[in-house]
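The lines below spell out each chain.
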Amino acid sequence: MNIYIYQPKNFILTKFFVGGLHGKEGKATQPILKKFVLEGGSTNSRLIVIPALCRKRKYVSTLNKSYYETRVGRKLLGLIQKYKPNIYVELHCYRKDAYKLLTDPKRKEKKGVPPLVEVKNGVLIGSVSPHLLSKFNFDFAVVLEFPCKKPDSQEIILDLLRTIKNAENPKEILDSWNLKYQCSIGKASRLYKDWRENIWLKS
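Remember, predicted model here, so these are calculated numbers, not experimental data.

Rules of the game
Residues numbered from 1 in each chain as written. Predicted model: local features only at pLDDT ≥ 70, side-chain atom pairs only at ≥ 80, totals over all residues. Heavy atoms only, no water. Disulfide = S-S within 2.5 Å. Helix = DSSP H or I, 4+ residues; strand = E, 2+ residues; numbered from the N terminus. Buried < 20%, exposed > 50% of the residue type's maximum accessible area, 1.4 Å probe, protein only. Salt bridge = Lys/Arg side-chain N within 4 Å of Asp/Glu carboxyl O. Core = buried A, V, L, I, M, F, W, Y, C linked by side-chain atoms within 4.5 Å. Contact = heavy atoms within 4.5 Å. Pairing = 2+ DSSP bridges. Axes fitted to C-alpha atoms, helices over the stretch in contact; angles between N-to-C directions.

J.: I tried to follow the state of the cysteines on my own but got confused; where do I start?
T.: Across all of its chains, the model carries one disulfide by this definition. Note that C93 is cross-linked by a disulfide to C148, the S-S spacing being 2.1 Å. Judged by the sign of its S-S torsion, about 85°, the cystine formed by C93 and C148 is right-handed. Here C93 is found in strand 4 (residues 87-94), whereas its partner C148 is found in the loop between strand 7 (140-147) and helix 6 (154-166), with 55 residues between them in sequence. By relative accessible area, C93 is classed as buried at 10%. Relative accessible area serves as the criterion here: at 33%, C148 is assigned to the partly exposed category.

J.: What exactly am I supposed to notice about the pattern of salt bridges here?
T.: Side-chain pairs of opposite charge can arise where the charged atoms are in close proximity. Summed over all chains, the structure comprises seven salt bridges. The closest approach of N and O atoms between R162 and E39, which form a salt bridge, is 2.6 Å. Of this pair, R162 sits in helix 6 while E39 sits in the loop between helix 1 (26-38) and strand 3 (45-50), placing them 123 residues apart in sequence. Taking relative accessible area as the criterion, E39 reaches 34% and is therefore assigned partly exposed. E155 is the salt-bridge partner of R162, the closest N and O atoms lying 3.8 Å from each other. Take R162: its relative accessible area is 24%, and that puts it in the partly exposed class. E155 gets classed as partly exposed once you look at its relative accessible area, which sits at 42%.

J.: Just to check I follow, could you spell out the nonpolar core for this structure?
T.: Nonpolar side chains in soluble globular proteins generally cluster together in the buried interior. Judged by nonpolar contacts, the single largest core of 32 residues is most densely connected at F17, L144, L161 and W177. It is helix 6 that contributes the most residues to this core, six residues altogether. Sequence-distant contacts of L144, defined by excluding residues within four places in its chain, comprise V89, E90, L91, H92, L124, I125, I157, L160 and L161.

J.: Mind showing me how you'd approach unusual backbone geometry here?
T.: Negative phi values dominate among residues other than glycine, just as trans dominates among peptide bonds. One non-glycine residue with positive phi stands out, namely K84, at about 50°. Take K84: it is sitting in the loop between helix 2 (71-83) and strand 4. Judged by its relative accessible area of 61%, K84 falls in the exposed class. Even without a glycine there, the phi angle at N121 is positive, about 55°. Looking at the secondary structure, you find N121 in the loop between strand 5 (117-120) and strand 6 (123-126). With a relative accessible area of 28%, N121 lands in the partly exposed category.

J.: Mind showing me how you'd approach the sheet that holds strand 7 here?
T.: Strand order in the open sheet made by the seven strands is 1-3-2-4-7-6-5, with mixed pairing throughout. Since the sheet does not close on itself, it has two edges, and those belong to strand 1 (4-6) and strand 5, each with one partner. Within this sheet the neighbouring strands show an average axis-to-axis angle of 20°, counted without direction. Examined bridge by bridge, strand 6 and strand 7 share three bridges and lie antiparallel to one another. Within the sheet, the bridge partner assigned to L124 lies in strand 7 and is E145. Contacting strand 4, strand 6 and strand 7, helix 7 (residues 170-180) runs over the sheet at an angle of about 35° to strand 7.

Take it as geometry only, folks, not as evidence of what the structure does.
Take a look at the structure:
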């Protein structure tokens, strides 16, 4: 596991980006987050970037409490406790046959979280695990999912990540996303507001 840290002298926010949290998805998230690292940092933020928390582990869903009892899950909790991010971003990839499960309108009843919403080119946006939200008080927390075998989705992911990196606050992130992906971000925001007030933004 490699950790990349960019830390300007007078940073205001800490932004934490992590990929490859379970299974073999680190093979897909690592190239994207490494490219993101090479693009440089932000003037007002400390960036913590972990391209692949693990490369090959047994798949345990981050929606299951048991994930945070695994070696990888405990490592993730320890890193969050260490760096205390204001903004937290998980990057996952999914198999083609998992799309319907991730976007299932009844996902809240089945899995305890609202369905993910497609932004563009198969890229999905949603909430991090409620188990994680119960432990940490992030200003902004989001999951981004992309098809493991669809290279043309990578630019959308990088565009979303760059917005997070360059924004001065969480509201600026959502405002910028709304300009580019209004329907998708609007739908996602409504779903999460109905599910849990201020899931992304603190009042």
